[in-house]
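Per-entry structural report
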Amino acid sequence: AQKVTQAQTEISVVEKEDVTLDCVYETRDTTYYLFWYKQPPSGELVFLIRRNSFDEQNEISGRYSWNFQKSTSSFNFTITASQVVDSAVYFCALSEPSSGSARQLTFGSGTQLTVLP
Amino acid sequence: DTAVSQTPKYLVTQMGNDKSIKCEQNLGHDTMYWYKQDSKKFLKIMFSYNNKELIINETVPNRFSPKSPDKAHLNLHINSLELGDSAVYFCASSHAIPQSQETQYFGPGTRLLVL
């Protein structure tokens, strides 16, 4: 069975600090996809990044960076120089096969990030 | 310009009632989904529709029935609402490409409260 673990339930940092959100996954698939979504206090789910299992290159987008390590089944997310607007719940997700042509997402339990001014 | 929209945004109703939540996407996607987010923020897939065909329906009670009139719409009808149905329901959509995984884009959510 697919599983995604976000061991950090809540993290608080002070503005401008760097913070890393951990994500560990389990899958038997050889081809799989990993995602991060952000859920701000307003409640919507915002897509941040998708990474497939064949691409282990780290990715940087502005203050955001992602470290994918297949050897440890981890897909960690770092926010550099955090800002108050980064306060949100962050979800890691893993795609898993289902019948038909679509694949469903299995979400981790989320990490509540609070950035204090 | 909203990519995935849901109505209503809030829904408060009594136990035993029947209600529907509507979802529409203008992204040209051919697969749509319903997810339930409980009070602890845990997100779980409920249904997936691909080209108007249901392809996921696992542990969801049969009081929940998805209805897809066309590729751009996937509505969720709930019969005989129970207290435990209180949650946030998210609609999502994506392309469905065999052996691949397109990103799922989510609607704003519908907050359902059953009294």
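Just so it is clear, the model here is predicted, and its values are computed rather than measured.

**Notes on the pattern of salt bridges**
Throughout the structure, instances matching the rule amount to five salt bridges over all chains. Arg63 of chain A serves as the salt-bridge partner of Asp86 of chain A, at 2.8 Å between the closest nitrogen and oxygen. Of the two residues, Asp86 of chain A is situated in the loop between β9 (74-79) and β10 (88-97) and Arg63 of chain A in the loop between β7 (59-61) and β8 (64-69); the sequence distance between them amounts to 23 residues. For Asp85 of chain B, the salt bridge goes to Arg63 of chain B, with nearest N and O atoms at 2.8 Å. Remark: Arg63 of chain B occurs in the loop between β6 (53-57) and β7 (64-70) and Asp85 of chain B occurs in the loop between β8 (73-78) and β9 (87-94); sequence separation between them is 22 residues. Each member of the pair, Asp85 of chain B as well as Arg63 of chain B, is classed as buried.

**Digging into the sheet that holds strand β3 (residues 19-25) of chain B**
Residues and elements named next belong to chain B. One open sheet accounts for four strands, arranged β1-β3-β8-β7; its pairing is antiparallel. A single partner strand is all that each edge strand has here, and the edge strands are β1 (4-7) and β7. If you compare each strand with its neighbour and ignore which way they point, the axes differ by 20 degrees on average. As paired strands, β3 and β8 are joined by four bridges and run antiparallel to one another. What sits directly across from Lys19, in β8, is Ile78.

**Quick look at the side chain of Thr13 of chain B**
Residue and element names in this part refer to chain B. Of note, Thr13 is situated in strand β2 (residues 10-13). Overall, the relative accessible area of 4% leaves Thr13 in the buried class. Apart from residues no more than four positions distant in its own chain, Thr13 is found in contact with Lys19, Leu81, Leu112, Leu113, Val114 and Leu115.

**With respect to the state of the cysteines**
Residues and elements named next belong to chain A. Counted under the stated rule, the structure contains two disulfides over all chains. In this model Cys23 forms its disulfide with Cys92; the gap between the sulfur atoms is 2.0 Å. A torsion of -65 degrees about the S-S bond marks the disulfide between Cys23 and Cys92 as left-handed. Taken together, the residues Cys23 in the loop between β3 (19-21) and β4 (24-26) and Cys92 in strand β10 connect sequence positions 69 residues apart. Judged by relative accessible area, Cys92 falls into the buried class, the value being 0%.

**Observations regarding a nonpolar patch on the surface**
Residues and elements named next belong to chain B. Judged by side-chain polarity, Val12, Leu113 and Leu115 come together as a nonpolar surface patch covering roughly 270 Å² of accessible area. Within the element layout of this structure, Leu113 appears in strand β11 (residues 110-114). The class for Leu113 is partly exposed, based on a relative accessible area of 41%.

**Describing the side chain of Asp30 of chain B**
Residues and elements named next belong to chain B. The residue Asp30 is located in the loop between β3 and β4 (31-37) in this model. The buried charged residue Asp30 lacks any salt bridge, with Lys71 as its nearest oppositely charged partner at 5.5 Å. A polar side-chain atom of Asp30 sits 3.4 Å from a polar atom in the side chain of Thr31. Leave out the neighbours within four places in its chain, and Asp30 touches Tyr49, Asn50, Asn51, Lys71, Ser94, His95 and Ala96.

How each quantity is defined
Residues numbered from 1 in each chain as written. Chains lettered and ligands numbered in written order. Predicted model: local features only at pLDDT ≥ 70, side-chain atom pairs only at ≥ 80, totals over all residues. Heavy atoms only, no water. Salt bridge = Lys/Arg side-chain N within 4 Å of Asp/Glu carboxyl O. Helix = DSSP H or I, 4+ residues; strand = E, 2+ residues; numbered from the N terminus. Buried < 20%, exposed > 50% of the residue type's maximum accessible area, 1.4 Å probe, protein only. Pairing = 2+ DSSP bridges. Axes fitted to C-alpha atoms, helices over the stretch in contact; angles between N-to-C directions. Contact = heavy atoms within 4.5 Å. Disulfide = S-S within 2.5 Å. Patch = residues over 30% accessible without salt bridge, like charges linked within 9 Å, V, L, I, M, F, W, Y side chains within 5 Å. Areas by Shrake-Rupley, 256 points an atom, 1.4 Å probe, with all protein chains shown as cover. Lys, Arg positive; Asp, Glu negative; His and termini not counted. Polar contact = N/O pair within 3.5 Å; in protein donor to acceptor, adjacent residues only side chain to side chain.

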